[in-house]
Amino acid sequence: MPTETTTPPPAAPPAGNGTVARGTTSVRAEPPPAAAEPPAAEPRRELRPRTLDDVLALVGSAVGGLSLAWLLFRGLLPTDGTIGFLLLWLGCFLLLYAAVTMVRHPAPVVADRIAAAVVHAGAALVGAALLTVIGYTVWRGLDALVQLNFYTQDLSAAGPLTPLDTGGALHAIVGTLIEISIAIAVTLPLGVATAVFITEVGGRFSRLVRTIVEAMTALPSIVAGLFIYTVLQVTLGFPRSGLAAALALSVMMLPIIARAADVVLRVVPGGLREASLALGASQWQTVWHVVLPTARPGLATALILGTARGVGETSPVLLTSGASNFLNADPLNNSMNSLPLFVYSLVRSGEPTYIARAFGGAALLLVLVLVLFVVARLVAARRDGTR
């Protein structure tokens, strides 16, 4: 009987379309997933008005807002006053600017430009207020400022009815310079040393010192004057003098300088301290040669803040030194006037010549503060020449 032989079917060749034959069943191989395409980059938004259309939209909105505010403020609303008109103009300008910008730009650009307009308007308002104060002070005291004798004579030979070509503010200028110089010489090393103790030394006692410094920041000036008056003049019998007034100003300036210097020293990177200590320097050498030079511009700012607080004080000088109309360059004896006290004493008289001299003294005080600011910035300039 013949034997049957079974021949297996030939293996199917692999298909070119990605199928693989397994027995009689063909399995399709899945192609690898295609790489996801990166999302399209968002077009860059121009936050500032750069094209002519943007500039015209800004200017047109300002002019349109001014016209609309004038119509509402003067014709429709029962209102009056310059400040109210300016606020209404700002509101109308922002509404028109937002509407015009929304036509050509998306919402994020509109929000950015409205925020920028508000910030610039706030800066312009502050600058205008500062210029108004300075301009009004100089304008009211211009009659006294143009007189040469205002800078070279004191007020001992001038009365309330004396014309402006006689008498001046020399005694107040000299007194202010002497008192503020003594106050700076006292408060600057004490304030910086206090800040160094709080920041660099630390410990439990430093928390108490920090609390006292922060509490003294809001100390009323009359309390500082009463403290020096009670301790030096009543208890110790110290005479009324420019030195007593300078010490009263020092009490006012010390917490300001110490608090500002503390903030500045804490900003210095800790890596600088660690690198100095790793090189073998002591803590005192690190503070003196690394920390303080790094914080020098900030310390100058602290000095400016303290000086600005002390140079304009009146009540401590009035209590400890008293007002005078003669020149006194000796801080240890007799009364010594200052520019704030000079202004306060003359403006109370009500006489036009005295009021003109008072505004002239106020303008000189502004110039003095500006000069002190410039000198402090120059002294604190870094060795590499940056400001």
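Being a predicted model, the structure only gives us computed values, none of them experimental.

Topic: the pattern of salt bridges
Where charged atoms from two side chains of opposite charge come close, those side chains can pair.
Right, so step 1: Per the stated rule, a full pass over the model turns up six salt bridges.
Right, so step 2: Here the salt bridges do not stand alone but share partners, grouping Arg210, Glu214, Arg259, Asp262 and Arg266 into one network.

Observations concerning the UniProt feature "transmembrane region" (unreviewed entry) in the protein chain
Right, so step 1: This chain's UniProt record puts "transmembrane region" (unreviewed entry) on residues 55-77, 83-103, 115-139, 169-199, 211-232 and 358-380.
Right, so step 2: From the first C-alpha to the last, residues 169-199 spans 43 Å; its make-up is 97% helix and 0% strand.

Some points on the nonpolar core
A general feature of soluble globular proteins is that nonpolar side chains tend to end up buried together.
Right, so step 1: In this structure, Phe150, Leu155, Met253, Leu339, Phe342 and Leu346 are the most contacted members of the largest nonpolar core, which totals 28 residues.
Right, so step 2: The element contributing the most residues to this core is helix α15 (residues 352-379), with six residues.
Right, so step 3: Sequence-distant contacts of leucine 339, that is, excluding residues within four places in its chain, are made with Ala172, Ile173, Thr176, Gly361, Leu364, Leu365 and Leu368.
Right, so step 4: Formed by 11 residues, the second largest nonpolar core is a distinct cluster that contains Val192, Val287, Val291 and Ala295.

Concerning a nonpolar patch on the surface
Right, so step 1: Residues Leu130, Ile134, Val138, Leu142, Val146 and Leu366 make up a contiguous nonpolar surface patch of roughly 500 Å² in combined accessible area.
Right, so step 2: When residues of the nonpolar patch are assigned to their parent elements, the largest contribution, three residues, is made by helix α3 (residues 107-140).

Digging into the side chain of threonine 320
Right, so step 1: Along the polypeptide, threonine 320 turns up in helix α13 (residues 315-320).
Right, so step 2: By relative accessible area, which is 0% here, threonine 320 ends up buried.
Right, so step 3: Every residue in contact with threonine 320, bar those within four places of it in the chain, is listed here: Gly225, Ile228, Tyr229, Gln233, Arg240, Ser241, Ala244, Ala245 and Ala248.

Describing unusual backbone geometry
Right, so step 1: A positive phi angle is found at asparagine 334, which is not glycine, with a value near 70°.
Right, so step 2: In this fold, asparagine 334 is placed in the loop between α13 and α14 (339-347).

Structural notes on the packing of aromatic side chains
Right, so step 1: Under the criterion given, the structure shown has eight aromatic pairs.
Right, so step 2: Plain terms: the ring middles of tyrosine 136 and phenylalanine 359 are 5.9 Å apart, the flat faces sit at 85° to each other, and that makes the pair edge-to-face. A residue pair is termed long-range when its members are at least 10 positions apart, and tyrosine 136 in helix α3 and phenylalanine 359 in helix α15 qualify at 223 residues.
Right, so step 3: Taken together, the aromatic side chains of Trp70, Phe73 and Phe85 make up a single cluster linked through ring pairs.

Focus: the confidence of the model for the protein chain
Right, so step 1: Here the protein chain averages 82 in pLDDT, while 85% of its residues score no lower than 70.
Right, so step 2: Residue range residues 15-25 is modelled with pLDDT below 50. Its contacts to residues more than four positions away, or to other chains, number 13 contacts.

Brief notes about the packing of helix α11 (residues 283-294) against helix α12 (residues 296-311)
Right, so step 1: Relative orientation of the contacting elements α11 and α12 amounts to 65°, with a least axis distance of 5 Å. Contacts between α11 and α12 involve Leu292, Pro293 and Thr294 from the former and Arg296, Pro297 and Leu299 from the latter.
Right, so step 2: By residue class, the composition of the contact of α11 with α12 is four nonpolar, one polar and one charged.

Let's talk about the side chain of glutamate 200
Right, so step 1: Position of glutamate 200 relative to the elements: it lies in helix α6 (residues 170-201).
Right, so step 2: Looking at glutamate 200, its side chain comes within polar contact range of the side chain of arginine 273, at 2.8 Å.
Right, so step 3: In this structure, glutamate 200 is in contact with Arg273, Gln283, Val287 and Val291, ignoring residues within four places of it in sequence.

Points about helix α1 (residues 52-76)
Right, so step 1: Between its first and last C-alpha atoms α1 spans 34 Å; for 25 residues at 1.5 Å apiece the expected length is 36 Å, and the two agree.
Right, so step 2: The set of residues buried in α1 consists of Asp54, Ala57, Ser61, Gly65, Ala69 and Phe73.
Right, so step 3: The secondary structure elements touched by the buried residues of α1 are α2 (82-104) and α3.

As for the environment of valine 268
Right, so step 1: Looking at the secondary structure, you find valine 268 in the loop between α9 (242-267) and α10 (270-278).
Right, so step 2: Sequence spacing of valine 268 and valine 291 is 23 residues, and the spatial spacing of their C-alpha atoms is 6.7 Å.

Structural notes on the packing of α2 against α3
The angle between the axes and the distance between the axes are what describe a pair of packed helices.
Right, so step 1: Close contact between α2 and α3 brings their axes to 10 Å; oriented N to C, the two are set at 155°. By the angle between their axes, α2 is roughly antiparallel relative to α3. Relative to α3, the crossing made by α2 is right-handed. The segment α2 lies against α3, with Leu90, Phe93, Leu94, Tyr97, Ala98, Thr101 and Met102 engaging Val110, Arg113, Ile114, Ala117, Val118 and Ala121.
Right, so step 2: Residue classes in the contact of α2 with α3 are distributed as 11 nonpolar, one polar and one charged.

Conventions adopted
Residues numbered from 1 in each chain as written. Predicted model: local features only at pLDDT ≥ 70, side-chain atom pairs only at ≥ 80, totals over all residues. Heavy atoms only, no water. Salt bridge = Lys/Arg side-chain N within 4 Å of Asp/Glu carboxyl O. UniProt positions renumbered as here; feature names shortened; annotations may be inferred. Helix = DSSP H or I, 4+ residues; strand = E, 2+ residues; numbered from the N terminus. Core = buried A, V, L, I, M, F, W, Y, C linked by side-chain atoms within 4.5 Å. Buried < 20%, exposed > 50% of the residue type's maximum accessible area, 1.4 Å probe, protein only. Contact = heavy atoms within 4.5 Å. Patch = residues over 30% accessible without salt bridge, like charges linked within 9 Å, V, L, I, M, F, W, Y side chains within 5 Å. Areas by Shrake-Rupley, 256 points an atom, 1.4 Å probe, with all protein chains shown as cover. Phe/Tyr/Trp six-rings, centres within 6.5 Å; stacked < 30°, edge-to-face > 60°. pLDDT = per-residue confidence, 0-100. Axes fitted to C-alpha atoms, helices over the stretch in contact; angles between N-to-C directions. Nonpolar A, V, L, I, M, F, W, Y, C, P; charged D, E, K, R; others polar. Polar contact = N/O pair within 3.5 Å; in protein donor to acceptor, adjacent residues only side chain to side chain. Expected span 1.5 Å × (residues − 1). Parallel < 35°, antiparallel > 145°, perpendicular 65-115°, else oblique. Left-handed = near helix turned anticlockwise from the far one by under 90°.

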